[in-house]
Amino acid sequence: MSDTTPPFPEPGSAVPDFTMPASHGRAVSLHALQGHPFVLYFYPKANTSGCTKEACEFQAALADLHKDGVTVIGVSRDDMPAIEKFAADHGLTFPLASDSDGTVTEAYGVWVEKSMYGRKYMGIERATFLVDATGHLVQAWRKVKVTNHVAAVRKAIATLTLQAATGG
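Calculation rules
Residues numbered from 1 in each chain as written. Predicted model: local features only at pLDDT ≥ 70, side-chain atom pairs only at ≥ 80, totals over all residues. Heavy atoms only, no water. Disulfide = S-S within 2.5 Å. Buried < 20%, exposed > 50% of the residue type's maximum accessible area, 1.4 Å probe, protein only. Helix = DSSP H or I, 4+ residues; strand = E, 2+ residues; numbered from the N terminus. Polar contact = N/O pair within 3.5 Å; in protein donor to acceptor, adjacent residues only side chain to side chain. Core = buried A, V, L, I, M, F, W, Y, C linked by side-chain atoms within 4.5 Å. Contact = heavy atoms within 4.5 Å. Expected span 1.5 Å × (residues − 1). Pairing = 2+ DSSP bridges.

A. Layout of the state of the cysteines. Under the counting rule described, the total for this entry stands at 0 disulfides. C56 provides the cysteine sulfur closest to C51, a residue in no disulfide bond, and the two sulfurs are 11 Å apart. You can call C56 partly exposed: its relative accessible area is 31%.

Laid out in structure tokens, this is it:
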């Protein structure tokens, strides 16, 4: 890990608090999620190809995730009109939250220096956090590659669900 990489919450630690406006007139907060496991995933920009593919894959898995009692929340720094358009364009029913001031992306260590074609800029590193019902991090995925990512998250959730069912 380089000196420029912000800290990420570590597995077993309490995740940073958050409250954000979300799609369809909702709000999401750590407080409201207490008692329920959830997936908090960060994506760079609404309606871009990778972000659309990732969101649609989470949407396709949503019924099974809900059966496991897991809520999914997508987070970007987009403003609410862009997020609402993204949700409407792709039929995304889970909350897409706006961290327009960057508080949450910075707290979760996903606001990082990026580079494209030799140009350096700040942006969201695609990352996903699986959080248990007590608000503690179970697993984090950094520098996510979209292909097969939702399947990996679902596998981790299945392990978490099994552990909860067996008391382990």
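B. Structural detail: the side chain of E125. With respect to the helices, strands and loops of the structure, E125 is situated in the loop between β7 (119-124) and β8 (127-131). Polar side-chain contacts of E125 include one of 3.2 Å to the side chain of R142.

C. Layout of the nonpolar core. Of all hydrophobic cores here, the largest spans 27 residues; its most connected members are V39, Y41, Y43, F58, V72, F94 and L96. Among the elements that make up this core, the one with the highest residue count is helix α2 (residues 49-67) (6 residues). Each residue touching L96, except ones within four places of it in the same chain, is listed here: P21, A22, S23, Y41, Y43, G74, M80, I83, F86 and A87. Membership of the second largest hydrophobic core comes to 22 residues, among which are F8, A127, V131 and L137.

D. Region of the structure containing α2. With 19 residues, α2 extends 28 Å between its outermost C-alpha atoms, agreeing within 8% with the 27 Å of an ideal straight helix rising 1.5 Å per residue. Considered for burial, the residues of α2 that qualify are C51, T52, E54, A55, F58, Q59, A61, L62 and L65.

E. Molecular detail of the pairing of β8. Of all the 5 residues making up β8, 5 are buried; the element is thus mostly covered by neighbouring parts of the structure. Relative to β8, strand β3 (residues 38-42) is paired through 5 bridges, and the arrangement is antiparallel. Within β8, the residue paired with F42 across the bridge is A127. Here 4 bridges tie β8 to strand β9 (residues 137-141), and the two strands are oriented antiparallel to one another. The residue of β9 that forms the bridge with V131 is L137. Counted between consecutive antiparallel strands, the loop separating β8 from β9 contains 5 residues, among which G135 sits at a positive phi close to 85 degrees.

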